Amino acid sequence: MIDIASNTFELNDLRFVQKFGSESGSYNAVYPEFVLVKTATMVNDYLSRLGGLKIDSLLEIGILRGGSVAFFNEQLKPKRHMAIDIHREEGGLDTLADKVNSGERGDRQLHVRYDISQSDTQGIVSEYERKFGVRAEFDLIIDDASHSYELSLETFNGLFPRVKPGGIYAIEDWGWGHWQEGGFQDPSNIEYNRPALSNLPLFCLMACTARQAGIARVDATSDTVFVHRNSQALPDNFKIEASFPTRGRQVALL
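These lines cover the structure that appears in this document, whether it is placed above or below.

Rules and cut-offs
Residues numbered from 1 in each chain as written. Predicted model: local features only at pLDDT ≥ 70, side-chain atom pairs only at ≥ 80, totals over all residues. Heavy atoms only, no water. Core = buried A, V, L, I, M, F, W, Y, C linked by side-chain atoms within 4.5 Å. Buried < 20%, exposed > 50% of the residue type's maximum accessible area, 1.4 Å probe, protein only. Helix = DSSP H or I, 4+ residues; strand = E, 2+ residues; numbered from the N terminus. Contact = heavy atoms within 4.5 Å. Phe/Tyr/Trp six-rings, centres within 6.5 Å; stacked < 30°, edge-to-face > 60°. 1 Å grid on protein atoms, 1.4 Å probe; cavity = no way out; pocket = protein on both sides within 12 Å on 5 of 7 lines; lining within 4 Å. Points joined across faces, edges and corners; volume = space filled by probe spheres on them. Nonpolar A, V, L, I, M, F, W, Y, C, P; charged D, E, K, R; others polar. Pairing = 2+ DSSP bridges. Axes fitted to C-alpha atoms, helices over the stretch in contact; angles between N-to-C directions.

Some thoughts on the nonpolar core
Residues Phe 156, Phe 160, Tyr 169, Ile 215 and Ile 240 are the most contacted members of the largest nonpolar core, which totals 35 residues. Counting only elements with at least two residues in this core, the list comes to strand E4 (57-61), strand E5 (80-84), helix H5 (121-132), strand E7 (138-143), helix H6 (149-159), strand E8 (163-172), helix H7 (199-210) and strand E10 (224-229). With five residues, H7 is the single largest residue contributor to this core. Those residues in contact with Ile 215 that lie beyond four places of it in its chain are Phe 160, Cys 204, Ala 207, Cys 208, Val 227, His 228, Asn 230 and Ile 240. Within the second largest apolar cluster, 33 residues are counted, among which are Tyr 31, Leu 58, Leu 140 and Ala 170.

Quick notes on the packing of aromatic side chains
Considering all chains together, one arrives at 19 aromatic pairs under this definition. Look at Phe 160 and Phe 238: their rings are 6.2 Å apart centre to centre, the planes differ by 35°, and that puts the pair in the tilted class. Residue Phe 160 is found in the loop between H6 and E8, and its partner Phe 238 is found in the segment after E10; the two are separated by 78 residues along the sequence. Residue classification places Phe 160 among the buried residues on the basis of a relative accessible area of 0%. What makes Phe 238 buried here is its relative accessible area of 5%.

Quick look at the layout of surface pockets
Considering only enclosed or pocket space, the largest pocket measures out at about 710 Å³ in volume. What lines the largest pocket is a set of 35 residues, among which Leu 64, Asp 144, Ala 145, His 147 and Asp 173 lie closest to the centre. For the lining of the largest pocket, the secondary structure elements donating two or more residues are strand E3 (33-36) and helix H3 (67-76). Class assignment of the residues belonging to the lining of the largest pocket gives a composition of 14 nonpolar, 13 polar and eight charged.

Focus on the sheet that holds E4
Reading across the sheet, the seven strands line up as E6-E5-E4-E7-E8-E10-E9 and stay open at both edges, with mixed pairing between neighbours. Every interior strand has two partners, whereas the edge strands, strand E6 (109-113) and strand E9 (215-220), have only one. Here the average twist between neighbouring strands, direction ignored, is 10°. As judged from the five bridges shared by E5 and E6, these two strands associate in the parallel manner. Considered in E6, the bridge of His 81 is made with Leu 110. Where H7 meets the sheet, it contacts E8, E9 and E10, and its direction lies at approximately 140° from that of E9.

Here is the structure:
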């Protein structure tokens, strides 16, 4: 476990500062310091779950200030680590990538792109295979991008079949539609009339019961849902929302 005091901690020669809200964007972090927009509970929960999992291939969807990418790269030391976003925020991630790819931090590669949408799953797969020269299959995928139900559903359907047996697909901030804080229960909130992201993990849970979607089990905390992959082959046109019978009933979105 990481010993976090005063919202800062060090991992080898990297320093992480936990910032949230407007502070996460305004804080001036210069390499080897990174802004990490994850609570101590989230950080240690990841560590307890991933401690025994060998990570050769890691895909992160959503970069923000780069702290999460830096943390997982240094903690898990994946051989092939790709992170994508459509926005570039200030931070030291490009410097870290240069150091990793030069061999300075061990035998691993880190590839960062700021021009690929999370819904462009074919583009993600193609870029991974172009960069690393191997088939795009992942031990771990972390979706911390838009938190939009529609976009996250496209991402999951396109990439979950690429998770290796025994691997994990993590969906962060899945419960925003049920948070009391943040104004999400206010009809004036821009997200109020949009489907909640929680629909996606609910589909995963029902598909797990139906045993038709390659899901071994679904674990959840208040922050993150962890969808565990089994060895079942999945079709190219995989759709989690159509992976469980409903006795002819229509499933309404929350």
